[in-house]
Amino acid sequence: MHINVAQIRRDENGTAHFDLKEDFSAFESELEGVDFVAPVHVQLQVNNTGKSLIVNGSIETELKAQCGLCLEPFHYPIHQDYEDEWVFAPQATEEQLETALVFHKDEIELTERILEQIVLALPMRFICSSECKGLCPVCGVNLNATSCACSQDKIDPRFAALANWPRED
């Protein structure tokens, strides 16, 4: 995913829009257990402030993941806002070298940066829905599909003494 900023870089106070789509399935090995089911769609607006390029936009795609409760596969949509400050290396100040992303040519490669934003948007654990009941801890049946007759009142022996604790009603 590349954008050419030659014209916008030379036009102080100029603006450019980019609408990009790319297949990111080659990165599935880096995202363990996650598959891209739709291309990554990136919309960017690049504004030249005279000192740097401010990049604002959005990232949209859809992933196939496995629910952490019921273990069923499901589609997980990603809608992530994106913002960066880019500075042309020969014009960079000392402060900008520490805070902004530096580019050396008029062609900027965005793939790694976009992938980083997607990874940051991922949850710690995928859950297919807020109503997901998960699996029965005794028999392993998916409680979203069927119910089971397993006894759920087994108490962990380490906590058995707490069962006799008086309750306040």
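Check the entry above for the structure.
Residues numbered from 1 in each chain as written. Predicted model: local features only at pLDDT ≥ 70, side-chain atom pairs only at ≥ 80, totals over all residues. Heavy atoms only, no water.

Digging into the nonpolar core
- Ranked by internal contacts, the top residues of the largest apolar core, which has 37 residues, are Ile-3, Phe-24, Leu-44, Leu-110 and Ile-114.
- Elements with a contribution of two residues or more to this core: strand 2 (15-22), strand 4 (40-48), strand 5 (53-66), strand 6 (73-88) and helix 3 (111-121).
- Those residues in contact with Phe-24 that sit more than four places away from it in its chain are Met-1, Phe-36, Val-40, Thr-111, Ile-114, Leu-115 and Ile-118. (Core = buried A, V, L, I, M, F, W, Y, C linked by side-chain atoms within 4.5 Å. Buried < 20%, exposed > 50% of the residue type's maximum accessible area, 1.4 Å probe, protein only. Helix = DSSP H or I, 4+ residues; strand = E, 2+ residues; numbered from the N terminus. Contact = heavy atoms within 4.5 Å.)

Notes on a negative patch on the surface
- Taken together, the side chains of Glu-30, Glu-107, Glu-109 and Glu-112 define an acidic patch exposed on the protein surface.
- Examined against the element boundaries, Glu-107 turns out to sit in strand 8 (residues 107-109). (Patch = residues over 30% accessible without salt bridge, like charges linked within 9 Å, V, L, I, M, F, W, Y side chains within 5 Å. Areas by Shrake-Rupley, 256 points an atom, 1.4 Å probe, with all protein chains shown as cover. Salt bridge = Lys/Arg side-chain N within 4 Å of Asp/Glu carboxyl O. Lys, Arg positive; Asp, Glu negative; His and termini not counted. Charge placed at Lys NZ, Arg CZ, Asp CG, Glu CD.)

A look at a nonpolar patch on the surface
- Together, Ile-155, Phe-159, Leu-162 and Trp-165 make up an exposed nonpolar region whose accessible area comes to about 490 Å².
- When you line up the elements, Trp-165 lands in the segment after helix 3.

Some points on the pairing of strand 6
- Taken together, the 14 bridges between strand 5 and strand 6 define a ladder with antiparallel strand orientation. Across the sheet, Glu-62 pairs through a bridge with Pro-77, a residue of strand 6.
- A loop of 6 residues connects strand 5 with strand 6, the two strands running antiparallel in sequence, and Leu-71 in this loop sits at a positive phi of about 65°.
- Note: strand 6 against strand 7 (residues 101-103), 3 bridges, orientation parallel. Its bridge partner lying in strand 7, Phe-88 is registered against Phe-103. (Pairing = 2+ DSSP bridges.)

Observations concerning the side chain of Ser-58
- Mapped onto the fold, Ser-58 is located in strand 5.
- Apart from residues no more than four positions distant in its own chain, Ser-58 is found in contact with His-41, Val-42, Gln-43, Gln-80, Asp-81 and Tyr-82.

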